[in-house]
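Spelled out, the chains give:
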Amino acid sequence: MVAGELVQEHLRHGDTAPDDIDIGCKPPTDNVTVPDGDLYAGLENGAATAAHLRAFDSKALEQEIPPGEKEAMLPRKEKCLETKLYWRRFAVLTVFSLSSLVNSFQWIQYSIITNVFTHYYGVTSDKIDWLSIVYMVAYIPLIFPATWMLDKRGLKLTAVMGAGLNCIGAWVKCASVRPDLFGVTMTAQVICSVAQVFILGLPSRIASVWFGPKEVSTACATAVLGNQLGTAIGFLLPPVLVPNTPEDKDLMGHNISLMFYGTAGISTLLFILTVTVIRDRPALPPSHAQAVLPEGLSEEYSYRQSMVNLFRNKAFVLLLISYGIMTGSFYSVSTLLNQMIMSCYEQQELNAGRIGLTLVVAGMVGSIICGLWLDYTKTYKMTTLIVYVLSFLGMLVFTFTLDLHNILLVFFTAGVLGFFMTGYLPLGFEFGVEITYPESEGTSSGLLNAFAQIFGIIFTLIQGRLTTDYTPLIGNLFLCAWIFLGILLTALIKSELRRNNVNMGIENNSLQAVPTEECPPIVKTTSGGEMEPSVSFSHETSL
């Protein structure tokens, strides 16, 4: 438009106007600027014409380009995504791990001394078994409101609910120390089982929102470690605190009371620490994967739609089944270990508990090692598949060496089996978060735990019947067949490390050159967050 007006001006000026003005297109430039030099100094036919053209050109540019558009056309530097790691993250992880430890301890403290509680309360052993089974039964229907609370109300309220219910259940147990109050102790255990629902889904969320990309898997493994350590202490401590004294029921009740009051005191302290230490998230996110996500859920967020998205994710559905098989097998072996040992080795009650302790402690070591390995390599699928295969081999070795009348060999094989089986737990959590990002970590972890409980109940009932009606060999072979199926399902999982790709700067496999002195342009995602394209690649490729 400016060029057209210059031509008309030239025609109006007639003889005084220059005859050699060329009207052409200038190649586009990166920056739009107003001419500040002597653009028309080279005009030969009159200084007045040159001055007039300068003034007219400046006026035309001001009319055509509004000030707002000028600012928009100027080069703009994107603001970097700021991340920071806080020392508080270690306190959050420690308090949560201890709270999970006490909850797990309260789960196993009955079944490891079944004979004591059956004598004290005057009930059958199957009723004592239900004090443990109630944990699995309560989890399945309550996981959905628990994950909804985690998504809608945040990490702190969910953790406080878990610690608070755990504390209430522990104190109710203190009021149940009387032979005719078995119903009260069952009620207390139900309360603790509800607390577990709010606790088990938090490791992935705590690791994601508080820890950096190079330590997130180790943090998740440490959080899971608290639950395993509670089980280990539950195998070891109750037989020491409450020895079997059938001739003196008053002494037995006194010992049970000491165990319950000690647990209640520790639970109260952990509840106070949970309220004061744990926060929803730090002031600044620990990683780019968290920085690009909105701080709170938008009004358009739908928990139901999130669940639908997860079940439409074929890779996650395969992981749900394979994770449920492996973890359910571990639950079944842990529950029936005493029966398996006693059927092959008479008068070995104490060693049966020690073998259970070996199983869990070896698994704790496996969890930490697997977490460190994931942080170092990011090879989620390959590591998960290898651990699955080794768990299958460990189960086969344990199955065929159980009745060789060598108790030391059973200690060794049980340790190997626990190392890989329990080491798989944080792998499944972290792999699930990777392939479902940016869906909520609590929702994916909750579904994984729900499937683990379902398979755990089914496997425990079926393997228990096979072990009772036939031999432990048949029951263990039943688990081996299912674990082999889990290997096949794990091999079919498509490994798309979405969270890791965001931390590395990849979005949907599109690559973009990035200036060295400026932050990469920010790209909006469908979830309301922002991602930064980059030229980095994920360490793992899909099989």
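**Q** Any chance you could break down the overall build of the protein chain for me, citing the residues and the numbers?
**A** Broken down by element type, the protein chain carries 20 helices and 2 strands. In the protein chain, which comprises 543 residues, the proportion classed as buried is 51%. A separation of at least 24 residues holds for 82% of the contacts in the protein chain among residues at least 6 apart in sequence. Here the protein chain displays about 25,600 Å² of accessible surface, and carbon together with sulfur accounts for 63% of that area.

**Q** Tell me about the side chain of Thr231, residues and numbers included.
**A** Position of Thr231 relative to the elements: it lies in helix H10 (residues 216-241). Among the residues examined, Thr231 registers a relative accessible area of 10% and is labelled buried. Of note is the side chain of Thr231, whose polar atom sits 2.6 Å from the side chain of Ser104. Here Thr231 is in contact with Ser104, Trp107, Ile108 and Val360, once residues within four sequence places are set aside.

**Q** Help me get a handle on the confidence of the model for the protein chain, residues and values and all.
**A** The predicted model of the protein chain has a mean per-residue pLDDT of 76, with 73% of residues at 70 or higher. Scored below 50 in pLDDT, residues 68-78 shows 12 contacts in the model against residues more than four places distant or in partner chains.

**Q** Please provide a residue-by-residue account of the pattern of salt bridges, values included.
**A** This model, assessed by the stated rule, comprises 3 salt bridges. Close ionic contact of Arg89 with Glu215 constitutes a salt bridge, the shortest N to O distance being 3.0 Å. Here the residue Arg89 occupies a position in helix H4 (residues 88-108), and Glu215 occupies one in the loop between helix H9 (202-210) and H10, the gap between them amounting to 126 residues. Among the residues examined, Arg89 registers a relative accessible area of 9% and is labelled buried. Taking relative accessible area as the criterion, Glu215 reaches 21% and is therefore assigned partly exposed. Salt-bridge contacts for Asp469 lead to Arg465; the nearest nitrogen and oxygen are separated by 4.0 Å. Here the residue Asp469 and the residue Arg465 both occupy positions in helix H18 (residues 441-469), the gap between them amounting to 4 residues, near one helical turn.

**Q** Explain a nonpolar patch on the surface to me, and be specific about the residues and the numbers.
**A** Together, Met382, Ile386, Val389, Leu390 and Leu393 make up a nonpolar patch on the protein surface, roughly 370 Å² of accessible area in all. Assessed through its relative accessible area of 42%, Leu393 is described here as partly exposed.

**Q** Can you explain the side chain of Ser391? Please cite residues and give values.
**A** When you line up the elements, Ser391 lands in helix H16 (residues 380-401). For Ser391, a relative accessible area of 0% corresponds to the buried category. Within the structure, the side chain of Ser391 is placed 2.8 Å from the backbone oxygen of Val387, a separation counted as a polar contact. When near neighbours in sequence (up to four residues on either side) are disregarded, Ser391 contacts Met326, Leu417, Phe420 and Met421.

**Q** Before we move on, can you summarise the nonpolar core with the specific residues and values?
**A** Judged by nonpolar contacts, the single largest core of 81 residues is most densely connected at Ile206, Phe316, Leu319, Ile341, Ile355, Met395 and Phe398. Top contributing element to this core by residue count: helix H14 (residues 314-344), with 15 residues. Not counting residues within four places of it along the chain, the set of residues in contact with Phe398 comprises Leu337, Met340, Val410, Thr413, Ala414, Leu417 and Asn476. In this structure, Phe105, Val116, Phe117 and Ala264 belong to the second largest nonpolar core, which totals 19 residues.

**Q** Explain the packing of aromatic side chains residue by residue, including any values.
**A** Under the counting rule described, the total for this entry stands at 18 aromatic pairs. A ring pair is formed by Phe90 and Phe211, whose centres lie 6.0 Å apart and whose planes are at 80 degrees; its orientation type is edge-to-face. Within this pair, whereas Phe90 is found in helix H4, its partner Phe211 is found in the loop between H9 and H10, the two being separated by 121 residues in sequence. Since its relative accessible area comes to 35%, Phe90 is described here as partly exposed. Residue classification places Phe211 among the buried residues on the basis of a relative accessible area of 3%. In textbook terms, an aromatic cluster arises when at least three aromatic residues are bridged by ring pairs, as seen for Tyr110, Phe117, Tyr120, Tyr121, Phe182 and Phe260.

**Q** A description of the packing of H4 against helix H7 (residues 155-174) should follow, citing residues and the corresponding values.
**A** Running from N to C, H4 and H7 cross one another at 40 degrees; their axes reach a closest spacing of 10 Å. Considering their axes alone, H4 and H7 lie oblique with respect to each other. Note that H4 runs across H7; the crossing there is left-handed. Across from Ser99, Val102, Asn103 and Gln106 in H4, the residues of H7 making contact are Ala163, Asn166, Gly169, Ala170 and Lys173.

**Q** Could you give an account of unusual backbone geometry, with specific residues and numbers?
**A** The backbone of His405 sits at a positive phi, close to 60 degrees, despite the residue not being glycine. Since its relative accessible area comes to 64%, His405 is described here as exposed.

**Q** An account of the environment of Ser322 is needed here, citing residue identities and associated values.
**A** In this structure, Ser322 sits in helix H14. A relative accessible area of 0% places Ser322 in the buried class. For the pair formed by Ser322 and Gly486, sequence separation is 164 residues and the distance between their alpha carbons is 4.6 Å. Ignoring sequence-local partners within four residues, the contact set of Ser322 consists of Tyr388, Tyr424, Gly486, Leu489, Thr490 and Ile493. Of the polar contacts made by the side chain of Ser322, one reaches the backbone oxygen of Leu319; its length is 3.2 Å.

**Q** Give me the lowdown on the packing of H7 against H9, citing residues and values where you can.
**A** Put simply, H7 and H9 touch, their axes get as near as 11 Å, and they point 145 degrees apart. Judged by the twist between their axes, the crossing of H7 over H9 is left-handed. Only Leu202, Arg205, Ile206, Val209 and Trp210 of H9 make contact with H7, whose side of the interface consists of Leu155, Thr158 and Ala159. Class assignment of the residues belonging to the contact of H7 with H9 gives a composition of 6 nonpolar, 1 polar and 1 charged.

**Q** I'd like to hear about helix H8 (residues 182-200), residue by residue, with values.
**A** The end-to-end C-alpha distance of H8, which contains 19 residues, comes to 27 Å, matching closely the 27 Å that a straight helix rising 1.5 Å per residue would cover. Among all positions in H8, only Phe182, Thr185, Ala188, Gln189, Cys192, Ser193, Ala195, Gln196, Val197, Phe198, Ile199 and Leu200 are buried.

**Q** So what about the environment of Leu372? Which residues, and what values?
**A** Mapping Leu372 onto the fold places it in helix H15 (residues 349-377). Since its relative accessible area comes to 47%, Leu372 is described here as partly exposed. For the pair formed by Leu372 and Lys214, sequence separation is 158 residues and the distance between their alpha carbons is 9.1 Å.

**Q** Can you explain the state of the cysteines? Please cite residues and give values.
**A** With the rule as written, the count across this model stands at 0 disulfides. Its sulfur unpaired, Cys174 is 9.6 Å from the next cysteine sulfur, which belongs to Cys167. The exposure class of Cys174 is buried, given its relative accessible area of 10%. Considering cysteine sulfurs only, Cys167 is the nearest to Cys192, which forms no disulfide, with 9.7 Å between them. By relative accessible area, which is 0% here, Cys192 ends up buried.

Cut-offs and rules
Residues numbered from 1 in each chain as written. Predicted model: local features only at pLDDT ≥ 70, side-chain atom pairs only at ≥ 80, totals over all residues. Heavy atoms only, no water. Helix = DSSP H or I, 4+ residues; strand = E, 2+ residues; numbered from the N terminus. Buried < 20%, exposed > 50% of the residue type's maximum accessible area, 1.4 Å probe, protein only. Contact = heavy atoms within 4.5 Å. Areas by Shrake-Rupley, 256 points an atom, 1.4 Å probe, with all protein chains shown as cover. Polar contact = N/O pair within 3.5 Å; in protein donor to acceptor, adjacent residues only side chain to side chain. pLDDT = per-residue confidence, 0-100. Salt bridge = Lys/Arg side-chain N within 4 Å of Asp/Glu carboxyl O. Patch = residues over 30% accessible without salt bridge, like charges linked within 9 Å, V, L, I, M, F, W, Y side chains within 5 Å. Core = buried A, V, L, I, M, F, W, Y, C linked by side-chain atoms within 4.5 Å. Phe/Tyr/Trp six-rings, centres within 6.5 Å; stacked < 30°, edge-to-face > 60°. Axes fitted to C-alpha atoms, helices over the stretch in contact; angles between N-to-C directions. Parallel < 35°, antiparallel > 145°, perpendicular 65-115°, else oblique. Left-handed = near helix turned anticlockwise from the far one by under 90°. Nonpolar A, V, L, I, M, F, W, Y, C, P; charged D, E, K, R; others polar. Expected span 1.5 Å × (residues − 1). Disulfide = S-S within 2.5 Å.

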